[in-house]
Amino acid sequence: MKYIEDKDYKYHDILGKHLRSYNLKYTGNREFSSEYFYAIKDNVLVGAIYTNLFWDWVNIDSLFYKDKEALKKLISEIKLFYLNRAVGIKFITEVESDFQNFKKLGFELVGKMEGTPKTPRSFHMRNVNFEVENNNQKDIIYATEKINYYDSIVQEQIDKFNKENNINNLQEKDMIFVAIEDSDFAGGIQINITEDSMYINRLVVNEVYRGNRIGTKLMNIIEEKAKSLGVYSISTGTVEFQAKEFYEKQGYEVVMIKENDPKGFDSYKLTKKL
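What comes next concerns the included structure. Along each chain, the written sequence defines residue order, and numbers are assigned to residues from 1. Under the rules for a predicted model, residues below a pLDDT of 70 receive no local features and side-chain atom pairs below 80 are neither given nor counted, while totals for whole chains, interfaces and linings still include all residues. Computation of side-chain values: all heavy atoms of the structure, hydrogens and water removed.

In this section: the packing of aromatic side chains. Whether two aromatic rings pair depends on their centres lying within 6.5 Å, for rings of Phe, Tyr and Trp, where Trp uses its six-membered ring; planes under 30 degrees apart make the pair stacked, over 60 edge-to-face, and the rest tilted. Counting across every chain of the model gives 21 aromatic pairs. Consider the rings of Phe91 and Phe102, whose centres lie 3.9 Å apart with planes at 15°: the pair is stacked. Taken together, the residues span a long stretch of sequence, with Phe91 in strand β5 (residues 88-93) and Phe102 in helix α3 (residues 96-104) at a distance of 11 residues. When its relative accessible area of 4% is taken as the criterion, Phe91 is described as buried. Each residue is assigned to one of three classes by its accessible area relative to the maximum for its type, calculated with a 1.4 Å probe on protein chains only: buried under 20%, partly exposed between the two thresholds, exposed over 50%. On the accessibility criterion, Phe102 (0% relative accessible area) is buried. A helix here means a DSSP run of H or I that spans at least four residues, while a strand means a run of E at least two residues long, and both kinds are numbered starting from the N terminus.

In a regular helix each residue adds 1.5 Å, so 16 residues correspond to 22 Å; helix α1 (residues 12-27) covers 22 Å between its end C-alpha atoms and thus fits that length. Every buried residue of α1 is accounted for by Leu15, Gly16, Tyr22, Asn23 and Thr27. One side of α1 carries all its buried residues, which in axial view fall inside an arc of 130°. Facing away from the buried surface of α1 by more than 90 degrees, the exposed residues are Asp13, Lys17 and Lys25. Should any heavy atoms of two residues lie within 4.5 Å, those residues are considered in contact. Looking at the packing, one finds that the buried side of α1 touches β9 (172-181), β10 (184-194) and β11 (197-205). At the exit of α1 stands Gly28, carrying a positive phi of roughly 65°. In a helix, the anticipated span is given by 1.5 Å times the number of residues less one. Comment: arc refers to directions from the helix axis out to C-beta atoms.

Structurally, Ser235 is set in strand β12 (residues 233-239). Residue classification places Ser235 among the buried residues on the basis of a relative accessible area of 10%. In this view, Ser235 contacts Met113, Met198, Tyr199, Ile200, Leu270 and Thr271; residues no more than four positions away in its chain are not counted.

This brings us to the pattern of salt bridges. In what follows, salt bridge is the name for a side-chain nitrogen of Lys or Arg lying within 4 Å of a carboxyl oxygen of Asp or Glu. Enumeration over the complete set of coordinates arrives at 9 salt bridges. Ionic pairing is found between Asp56 and Arg30, a salt bridge with its closest N-O pair at 2.2 Å. Within this pair, whereas Asp56 is found in the loop between β3 (44-54) and β4 (57-65), its partner Arg30 is found in the loop between α1 and β2 (33-41), the two being separated by 26 residues in sequence. Among the residues examined, Arg30 registers a relative accessible area of 26% and is labelled partly exposed. Lys73 is the partner of Asp139 in a salt bridge, and the nearest nitrogen-oxygen pair spans 3.1 Å.

Turning next to the sheet that holds β12. Taking strand neighbours across the sheet as the criterion, the 7 strands line up as β1-β9-β10-β11-β12-β14-β13 in an open arrangement whose pairing is mixed. If you trace the sheet from one side to the other, it starts and ends with β1 (2-5) and β13 (253-258), each paired once. Here the strands of the sheet are splayed against their neighbours by 20° on average, with no regard to which way each runs. Strand direction decides the pairing type here: β13 and strand β14 (residues 267-273), joined by 5 bridges, are antiparallel. Paired with Lys258 across the strands is Ser267, a residue of β14. Strands qualify as paired when DSSP identifies two bridges or more between them. Here an axis means a line fitted to C-alpha atoms, over the contact stretch when the element is a helix, while the angle between two N-to-C directions is reported on a 0 to 180 degree scale.

Once that is clear, we can look at unusual backbone geometry. Going from Asp261 to Pro262, the amide bond is cis rather than trans, its omega being 10°. Structurally, the position occupied by Pro262 is in the loop between β13 and β14. The phi angle at Asp56 is positive, at roughly 75°, despite the residue not being glycine. Phi is positive for Asn84, which is not a glycine, with a value near 70°.

Taken together, 7 strands build an open sheet; the order of strands is β6-β7-β5-β4-β3-β2-β8 and the sheet is mixed. Among the strands making up the open sheet, the edge pair consists of β6 (108-113) and β8 (140-143). The sheet shows a mean angle of 25° between the axes of neighbouring strands, direction not considered. Of the strand pairs in this sheet, β2 and β8 are connected by 4 bridges, and their pairing is antiparallel. Bridge pairing links Ala39 to Ile140 in β8.

All quantities given are derived from atomic positions and should not be read as evidence of function.
So this is what it looks like as structure tokens:
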């Protein structure tokens, strides 16, 4: 068995294909879509939320709002749009004011991911109540693709918000390591390094080669890489039908449990300090 760094991302799609195939055995096909919502007042953009529906949850990816009323309208529209399609809405923020504003709109705190010396902590929130006070959202524009004119304003506002809240652009780097038997893909791991924090995005072992401690070897490789780069901690997420027990055997601790995510299963956030 040969272990190499895939610097050319040759195995990126293969890794993803194996992981999707494994997940489908448990989840079946689930709806996926991306949507864009823009709040307009007096012909001026006052807010926007970019979302994606994945594994039964609405994920808020990008966000800008001029005031709480704009945010309330956007959340109400999202609830109406995804009613009977999603379990709930998820939102992650590093900013206390966002946390408080979403809390007032009925979002609950699922848990916090502690930061590192170079990265901030984050609040993980969710809302499973799809009731709305007022369904008259005539000032909301819905689109299946970004509207370029509005998107440029959104990005400007996000940059301004980040600057005001001392959210800096962090240095990121993706890496892939794979296990090869002759010319066969036996397993692989994809990681993202943000400053002094590492996140495991994907870990896959080809079913044909399971039982050969390939997963453990790949974990050892990325931990050695993390130590050489001065990484403070490694974290990851997993679903109950994936690798929770495996990560725990590697010294990772569960720091957050997300119920019914995806629908019918619990998911976990785990971390390990080096």
